[in-house]
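# Descriptive structure summary
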Amino acid sequence: MKTVVIGVIGADVHAVGNKIIDYVLSKNGYNVVNIGVLSSQEDFINAAIETDAKAILISSLYGHGELDCQYMKEQCDEAGLSDIKLYVGGNIVVGKQDFIQVEKRFKKMGFDRVYPPGVKIEQALVDLKEDIGI
Amino acid sequence: MELYLLVDFGSTYTKLTAVDLDDNYIIGTSKATTTVDTNVLEGYDKALERLLRNHPEINMENISGFSACSSAAGGLKMAAIGLVEELTVEAAKRACLGAGAIVNMVFSHHITKREIKKLKEADIDIILLAGGTDGGNKECIIHNAKRLKEAEIDVPIIIAGNKDAVDEIEEMYENTKMEFYIVNNVMPQLKKLNVKEAKEVIRKIFIDQIIEAKGIKKAEQKIGEIIMPTPEAVLLAAELLSNGYEDIEGFGELMVIDIGGATTDVHTIGEGFPKRTEVIMKGLQEPFAKRTVEGDLGMRYSANALLNLVSDYEFRKYFEEDDKCNHNIAKSLERRRENVDFIPETKDEEEFDKAIAKICCDVSISRHVGHVEVVHTPLGNMYYQTGKDLSEIKYVIGTGGVLINNSSAKNILRSVNKKSNKKLELRPNNPSILIDRSYIMSAMGLLSQKHPKSSLKLMKQYLL
């Protein structure tokens, strides 16, 4: 069974989506380590190291995701997690912006998958199966 | 009269406590210098002789049982190894501390050859090897197990990490001289603490081997098995006093502080959950009965380390307001460090000792209690809580030689609460302060194993 770490980054307390992701991924055969809301980059990374996770799925709904995710990839590299897959989704930028540009920026930051607002977790599930298997 | 004798082979003194179980009172206590270097029984015999001399009513033939604990010959020294500092390393440390050990060495991630060399040279009694949640990272703990094997480490190793790695380590260690024990993972899931089995095995190794190696085993001919390290006995006493037993009510959440010559121990019993809804817990789960040991906070051996923690200016704030003496802080500390048997004779020396004790108390509490951090979110302020919220603790109990003989012990222990302006620390707000004047906490922890009811009654009676 593959392990994934999920959580809501930064000073963001939106818990509903987080619970849905936990439910769907667990039901589909993943060992989900949910670090919950108000999580820092270090929390995600420490959890991934101890649990030998293959992917980190970051949620952010309050608009500051772009700031909170800065240097996440570099931090993972520092912690020896160069191979871990990084996903991010939600309202990850301030205001309404062209998603193609947003995706480009996050990919440049080192994220493997970037999801716009309103995407169902089932779509990420397909990608997850492709990226890390079950 | 049913008599019970409790023995504590301490680092300095061998202490005896005689209890009358029928009428639930303490008949008497006595002490003599611990004699591990020659024969540990010499000190015991001397203490017993003193006890019998002062209490001729004690008839050794009436003694229904003995229990003993020990912290002699340096106590129980352990090394804790884990993966991530805040997670399995911390879990491993808590298992050791909860079992009454001193954690002398701590290693995280892949242990290096240099670190192994240091570990080998150090005087360690037991190693606790953790790392990875169950089903999580196993590569690191296997690497560390291999390094320990290559170095032919000859002290017992307790393996308390990812269960997926257990088979491989067991195969690696089988048919070697390595002495190893496999127990449940100290952190089976992220942030879940599970130290019970590890603690039991630490105690078992302590009973079976460590006390023998330290020359305390001889005592067992006379008094039966030495059942635990002294700090564990204190922790058990605190737990009983907090929880109560059968129809006798306990004290609820409480804290025990022991300021010693070399270390300051803090024990708290209680969940320490957040008291408000806008607080979110962070970090590893806290043990219900938590013990921390500060190796740099002590009255004598570690006195000169104090100036690394507080500046000269801050130090002066711990003197009483009416203290007119212009203390030479560095010199006074050095004097105590060099002469660990130093006993204050003048008023100024007493005042200085009082200030040291206050610092030990203040700083050790600061490290023991939980902290909050403010997070400004679009929904308003939220708080992270790391560690236990001890703000509503009802009782703080002082024990250990320094406090119990000090006339201003209660005054010293008042530095546990918030007066020191550390608002983000979850210190006890307004606790009642009790002192273990008869020095019975460890003895009561021992007694609690067979006679919990008497032990509890005595503590409620003798902690003043």
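Residues numbered from 1 in each chain as written. Chains lettered and ligands numbered in written order. Predicted model: local features only at pLDDT ≥ 70, side-chain atom pairs only at ≥ 80, totals over all residues.

Looking only at helices and strands, one finds six helices and five strands in chain A. Going residue by residue from the N terminus, the α and β elements of chain A occur as β-α-β-α-β-α-α-β-α-β-α. Once the C-alpha set of chain A is aligned to its principal axes, its extents read approximately 40 × 30 × 25 Å. Considering chain A as a whole, with its 134 residues, one finds that 47% of them fall into the buried category. Once local pairs closer than 6 in sequence are excluded, the contacts in chain A between residues at least 24 apart make up 75%. (Helix = DSSP H or I, 4+ residues; strand = E, 2+ residues; numbered from the N terminus. Buried ≥ 20, exposed ≤ 12 C-beta atoms within 10 Å, placed from the backbone. Contact = placed C-beta atoms within 7 Å.)

Helix and strand counts for chain B stand at 16 helices and 18 strands. Whereas a compact globule of 464 residues would reach a radius of gyration of roughly 23 Å, chain B reaches 23 Å, a difference of no more than 12%. The dimensions of chain B, computed from C-alpha atoms along their principal axes, are 60 × 60 × 50 Å. Each of the 464 residues in chain B was classed as buried or not, and the buried ones make up 49%. (Rg over C-alpha atoms; globule rule 2.2 N^0.38 Å.)

A few words on the nonpolar core. Grouped together as the largest cluster of nonpolar side chains are 180 residues, with contacts concentrated most on I56 of chain A together with A92, C96, L128, L129, I158 and A160 of chain B. L129 of chain B has contacts with I81, I141, N144, A145, I157, I158, I159, A160 and G161 of chain B, leaving out every residue within four places of it along the chain. (Core = buried A, V, L, I, M, F, W, Y, C linked by C-beta atoms within 7 Å.)

Opposite the 14 residues of chain A that make contact, chain B presents 19 residues. Contributions of two or more residues to the side of chain A that touches chain B are made by β2 (31-34) and α2 (41-51) of chain A. By residue number, the principal contributor to the side of chain A that touches chain B is α2 of chain A, which donates five residues. When its residues are assigned to classes, the side of chain A that touches chain B shows seven nonpolar, four polar and three charged. (Nonpolar A, V, L, I, M, F, W, Y, C, P; charged D, E, K, R; others polar.)

This part takes up the sheet that holds strand β1 (residues 3-8) of chain A. Residue and element names in this part refer to chain A. Judged by pairing direction, the sheet is parallel, and its five strands sit side by side in the order β2-β1-β3-β4-β5 without closing on themselves. What marks the edges here is a single partner per strand, and that holds for β2 and β5 (113-115). With direction set aside, neighbouring strand axes in the sheet form an average angle of 20 degrees. Pairing geometry for β1 and strand β3 (residues 55-60), over five bridges, is parallel. Looking across to β3, one finds that V5 is bridged to I56. Helix α1 (residues 16-27) contacts β1, β2, β3 and β4 (85-90) of the sheet and is inclined by roughly 170 degrees relative to β1. Its contacts with the sheet place helix α6 (residues 121-132) against β3, β4 and β5, and it is angled at close to 175 degrees to β4. (Pairing = 2+ DSSP bridges. Axes fitted to C-alpha atoms, helices over the stretch in contact; angles between N-to-C directions.)

All names here are of chain A. Looking at chain direction, β1 and β2 are connected through four bridges and run parallel. Each bridged residue has a counterpart across the sheet, and for V4 the counterpart in β2 is V32. In this region the chain leaves β1, passes through α1 and returns to the parallel neighbour β2; the handedness of that crossover is right-handed. (Right-handed = clockwise from strand over helix to strand, strands pointing away.)

What follows covers the confidence of the model for chain B. Summarising the model, chain B shows a mean pLDDT of 92, and 99% of its residues fall at 70 or more. Both confidence scores are given for the complex: pTM 0.89, ipTM 0.85. (pLDDT = per-residue confidence, 0-100.)

In this section: the pairing of strand β6 (residues 102-107) of chain B. Residues and elements named next belong to chain B. Where strand β5 (residues 77-81) lies against β6, five bridges are found, and the strand directions are parallel. Bridging from a neighbouring strand, I81 pairs with F107 of β6. Once you follow β5 into helix α2 (residues 85-98) and on to β6, the crossover reads as right-handed.

For the rest of this paragraph, the subject is the packing of helix α8 (residues 230-243) of chain B against helix α16 (residues 452-462) of chain B. All names here are of chain B. Between α8 and α16, the least distance of the axes is 10 Å, while the angle of their chain directions is 80 degrees. By the angle between their directions, the pair α8 and α16 is classed as roughly perpendicular. For the pair formed by α8 and α16, the contact residues are A237, L240 and L241 on the first element and P452, S455, L456 and M459 on the second. (Parallel < 35°, antiparallel > 145°, perpendicular 65-115°, else oblique.)

Here we come to the sheet that holds strand β4 (residues 63-70) of chain B. Residue and element names in this part refer to chain B. Spatial ordering of the open sheet is given by β3-β2-β1-β4-β10, a layout of five strands whose pairing is mixed. Across the chains shown, the open sheet's two edge strands, defined by having one partner strand only, are β3 (25-33) and β10 (226-229). Put simply, the sheet's adjacent strands are angled 20 degrees from each other on average, direction ignored. Bridge count between strand β2 (residues 13-20) and β3: eight bridges; the pairing is antiparallel. By the bridge assignment, D20 is partnered in β3 with Y25. Packing against the sheet, helix α1 (residues 40-54) makes contact with β1 (3-9), β2 and β3, and its axis sits at approximately 140 degrees to β3.

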